[in-house]
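Below are the chains, spelled out letter by letter.
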Amino acid sequence: MISEVLQRAAKILETDGIKGINMVIEIIGKDMAVAMLVMHLRYNLGSGDHCPDEERISAAVTEILEREQLDAFSFVGDSKQHDKLKIKEREKAANG
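Report follows, based on the coordinates. (Residues numbered from 1 in each chain as written. Predicted model: local features only at pLDDT ≥ 70, side-chain atom pairs only at ≥ 80, totals over all residues. Heavy atoms only, no water.)

Let's talk about the nonpolar core
- Leu13, Ile21, Val24, Ile28, Leu37, Leu65 and Leu70 are the most contacted members of the largest nonpolar core, which totals 16 residues.
- At the level of elements, helix H1 (2–16), helix H2 (21–28), helix H3 (30–44) and helix H4 (54–67) are the ones that each hand at least two residues to this core.
- Top element by residues in this core is H3. It accounts for five residues. (Core = buried A, V, L, I, M, F, W, Y, C linked by side-chain atoms within 4.5 Å. Buried < 20%, exposed > 50% of the residue type's maximum accessible area, 1.4 Å probe, protein only. Helix = DSSP H or I, 4+ residues; strand = E, 2+ residues; numbered from the N terminus.)

Rendered as structure tokens:
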């Protein structure tokens, strides 16, 4: 069943963290694996706390995804849209 597959993938991320991402990708595909990883990271960084520091959590998750070359926009949605977002990010960074 699909539930068993998702439970197995979730357990791998719970026990192995980012080190288990390649195995999870093989099991459920990259889109689902990275989505699951983002949820796992956010939770472990405190997103479920009473008053979570959303900026810190988002920045930490983004840093981890980029470091591991798992930039979510590289495989979700239109690649042209991804390029536009990256250009806007660079322009924003250059302009202050």
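Side note on the packing of H1 against H3
- The N-to-C vectors of H1 and H3 enclose an angle of 50 degrees; their axes lie 10 Å apart at closest approach. In terms of orientation, H1 and H3 fall into the oblique class. By crossing handedness, the relation of H1 to H3 is classed as right-handed. Contact with H1, carried on its side by Leu6, Ala9, Ala10, Leu13 and Glu14, involves Met32, Ala33, Met36, Leu37 and His40 of H3 and no other residues of that element.
- Within the contact of H1 with H3, the residues separate by chemical class into eight nonpolar, one polar and one charged. (Axes fitted to C-alpha atoms, helices over the stretch in contact; angles between N-to-C directions. Parallel < 35°, antiparallel > 145°, perpendicular 65-115°, else oblique. Left-handed = near helix turned anticlockwise from the far one by under 90°. Contact = heavy atoms within 4.5 Å. Nonpolar A, V, L, I, M, F, W, Y, C, P; charged D, E, K, R; others polar.)

Remarks on H1
- Over its 15 residues, H1 runs 21 Å from end to end, which matches the ideal 21 Å to within 8%, given 1.5 Å per residue.
- Elements that come into contact with the buried residues of H1 comprise H2 and H3.
- Once H1 finishes, Gly17 follows within two positions and takes phi at roughly 60 degrees, a positive value. (Expected span 1.5 Å × (residues − 1).)

Brief notes about the environment of Val38
- As for its position among the elements, Val38 is in helix H3.
- In this structure, the C-alpha to C-alpha distance between Val38 and Val61, residues 23 residues apart in sequence, is 6.8 Å.
- If we skip the residues at most four places from it in the chain, Val38 touches Val61 and Leu65.

In short, the description is geometric, and any link to function would need to be established separately.
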